[in-house]
Amino acid sequence: MRTAFFAICFLFSTSIFAQNELPERIQTYFDKYQEDFPVEKAYLHLDKFTYTLGEDLWFSAYLVAGGHKSPLP
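Scoring rules and cut-offs
Residues numbered from 1 in each chain as written. Predicted model: local features only at pLDDT ≥ 70, side-chain atom pairs only at ≥ 80, totals over all residues. Heavy atoms only, no water. Helix = DSSP H or I, 4+ residues; strand = E, 2+ residues; numbered from the N terminus. Buried < 20%, exposed > 50% of the residue type's maximum accessible area, 1.4 Å probe, protein only. Contact = heavy atoms within 4.5 Å. Pairing = 2+ DSSP bridges. Phe/Tyr/Trp six-rings, centres within 6.5 Å; stacked < 30°, edge-to-face > 60°. pLDDT = per-residue confidence, 0-100. Salt bridge = Lys/Arg side-chain N within 4 Å of Asp/Glu carboxyl O.

*Asks:* Can you walk me through the overall build of the protein in this structure?
*Replies:* Helices and strands together make up the secondary structure of the protein, namely one helix and three strands. Tracing the protein from N to C terminus, the helices and strands come up as α-β-β-β. For the protein, the proportion of its 73 residues judged to be buried stands at 4%. The contacts in the protein between residues at least 6 apart in sequence include a share of 25% that link residues at least 24 apart.

Written out as structure tokens, the structure is:
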């Protein structure tokens, strides 16, 4: 009887600890994945919406890290 009680207490305590640990493990996995394989986004800014034949085209192009939106070197 006593061993069954301790076995049940042990099973419940391990499941509680596993539930607290799992979200942290998932978060660290995604953080590491984001560091190893950063998402890159390219932005192209134009000076006008429409152009006619022979006009100069002025633009700025940016390549940023998608998660942080910080400029890439």
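Alright, that's what it looks like, and here's the rest.
*Asks:* Please explain the sheet that holds strand S2 (residues 59–65) as it appears in this structure.
*Replies:* Across a sheet, strands are paired by hydrogen bonds formed along the backbone, either parallel or antiparallel in direction. Strand order in the open sheet made by the three strands is S1-S2-S3, with antiparallel pairing throughout. Since the sheet does not close on itself, it has two edges, and those belong to strand S1 (40–46) and strand S3 (70–71), each with one partner. In this structure, S1 lies alongside S2, joined through seven bridges in antiparallel fashion. Its bridge partner being in S2, Tyr-43 is matched across the sheet by Tyr-62.

*Asks:* For this particular structure, what's the right way to read the packing of aromatic side chains?
*Replies:* In this structure the tally under the stated criterion is two aromatic pairs. Plain terms: the ring middles of Tyr-29 and Phe-30 are 5.4 Å apart, the flat faces sit at 65 degrees to each other, and that makes the pair edge-to-face. Grouped by ring-pair contacts, the aromatic residues Tyr-29, Phe-30 and Tyr-33 constitute a single cluster.

*Asks:* Honestly, the confidence of the model for the protein in this entry has me stumped. Any pointers?
*Replies:* A low pLDDT score tells you not to read the predicted coordinates there in detail. For the protein, per-residue confidence averages 78 on the pLDDT scale, and residues scoring 70 or more make up 67% of the total. Per-element mean pLDDT across the protein ranges from 71 in S3 up to 89 in S1.

*Asks:* For this particular structure, what's the right way to read the pattern of salt bridges?
*Replies:* Note on pairing: side chains with opposite charge can pair once their charged atoms come close. For the structure shown, the criterion picks out three salt bridges. Note that Glu-21 and Arg-25 form a salt bridge whose closest N and O atoms lie 3.9 Å from each other. Here Arg-25 and Glu-21 lie together in helix H1 (residues 2–36), a separation of four residues that amounts to about one turn. The exposure class assigned to Glu-21 is partly exposed, which follows from its relative accessible area of 43%. Ionic pairing is found between Lys-48 and Glu-55, a salt bridge with its closest N-O pair at 2.2 Å. With relative accessibility at 33%, the residue Glu-55 sits in the partly exposed group.

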